[in-house]
Amino acid sequence: MTEAWGTITAVDGDHATIRMDEAGCGRCGEPGGCGGNIHGKLFCSTPRTFRVPNPDHCAVGQRVRIGVFAGSLRHSAVHAYALPLLMLLAGALTGSACAGEVGAIAGAIAGLFVGWLGLRRVQRQSLRNPHLQPTIRS
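Residues numbered from 1 in each chain as written. Predicted model: local features only at pLDDT ≥ 70, side-chain atom pairs only at ≥ 80, totals over all residues. Heavy atoms only, no water.

### So, the pairing of strand β1 (residues 2–12)
Where β1 lies against strand β4 (residues 63–68), six bridges are found, and the strand directions are antiparallel. Directly across from Gly 6, in β4, lies its bridge partner Val 64. The pairing of β1 with strand β2 (residues 15–20) spans six bridges and is classified as antiparallel. The residue of β2 that forms the bridge with Asp 12 is His 15. Linking β1 back to β2 in an antiparallel pair, the connection comprises two residues, with Gly 13 at a positive phi of about 65 degrees. (Pairing = 2+ DSSP bridges. Helix = DSSP H or I, 4+ residues; strand = E, 2+ residues; numbered from the N terminus.)

### Description of the side chain of Thr 7
The residue Thr 7 is located in strand β1 in this model. Excluding residues that lie within four positions of it along the chain, Thr 7 makes contacts with Thr 17, Ile 18, Arg 19, Asp 21, Gly 61, Gln 62 and Arg 63. (Contact = heavy atoms within 4.5 Å.)

### Re the sheet that holds β4
Judged by pairing direction, the sheet is antiparallel, and its five strands sit side by side in the order β3-β2-β1-β4-β5 without closing on themselves. What marks the edges here is a single partner per strand, and that holds for β3 (49–53) and β5 (135–137). Neighbour-to-neighbour, the strand axes of the sheet open up by a mean angle of 50 degrees, direction not taken into account. Of the strand pairs in this sheet, β4 and β5 are connected by three bridges, and their pairing is antiparallel. Counterpart to Gly 67 in the pairing with β5 is Thr 135. (Axes fitted to C-alpha atoms, helices over the stretch in contact; angles between N-to-C directions.)

### Structural notes on the confidence of the model for the protein
With 81% of its residues at a pLDDT of at least 70, the protein reaches an overall mean of 84. Looking across the protein, the model is least confident in helix α1 (residues 36–43), with a mean pLDDT of 57, and most confident in helix α2 (residues 72–127), with 93. (pLDDT = per-residue confidence, 0-100.)

### Digging into a nonpolar patch on the surface
There is a patch of nonpolar side chains on the surface, built from Phe 113, Val 114, Trp 116 and Leu 117 and spanning about 390 Å² of accessible area. By the element assignment, Phe 113 lies in helix α2. Judged by its relative accessible area of 46%, Phe 113 is partly exposed. (Patch = residues over 30% accessible without salt bridge, like charges linked within 9 Å, V, L, I, M, F, W, Y side chains within 5 Å. Areas by Shrake-Rupley, 256 points an atom, 1.4 Å probe, with all protein chains shown as cover. Salt bridge = Lys/Arg side-chain N within 4 Å of Asp/Glu carboxyl O. Buried < 20%, exposed > 50% of the residue type's maximum accessible area, 1.4 Å probe, protein only.)

### Some words on the environment of Gly 107
Looking at the element boundaries, Gly 107 is found in helix α2. Judged by relative accessible area, Gly 107 falls into the buried class, the value being 12%. With 20 residues separating them in the primary sequence, Gly 107 and Met 87 have C-alpha atoms 9.3 Å apart. Not counting residues up to four positions away in its chain, the partners in contact with Gly 107 are Gly 91 and Ala 92.

Structure representation (C-alpha cells):
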C-alpha cells in the first residue's frame, strides 16, 4: 500500500475532502524512490484535493494518512495511457489499410475517441471497486 499525508478541508456526510500535503509517496530520498515528490512540486504548484470515504468521521483540520492499494496506481496508469494510445494506433492502421493517408488520419481520430469512451467506462467501473479507491488510514 502506498501512503501519503493530507489534511481534511471539508466533511460532507460520509466523505471528506483531503488536501494532499505531499506529491508522491514521500520515499524520494530512500532507495527505490522515484523522485515523484520533486516532479509533483515542479509541475503541480496548486494544492491537490480529493474526495474520499470517511468511515471514521475524521474532523476538518485533522491530518490523516491516505492509502492506495498496491497495484491500483499501475491499473490506473495502464488504462489512462495505454488504452487511448492503443486505440489510436489501431484506428490509424485500420484506416490506412482501408483508405490510405486520409483513412489513417480519420481512423486515428476515431480510435482516440473509442479509447476515450473505453477509458470513461473503466473509470465508472473503478469507482465501484474499493481496492481502486484511496482510503483514510488510521
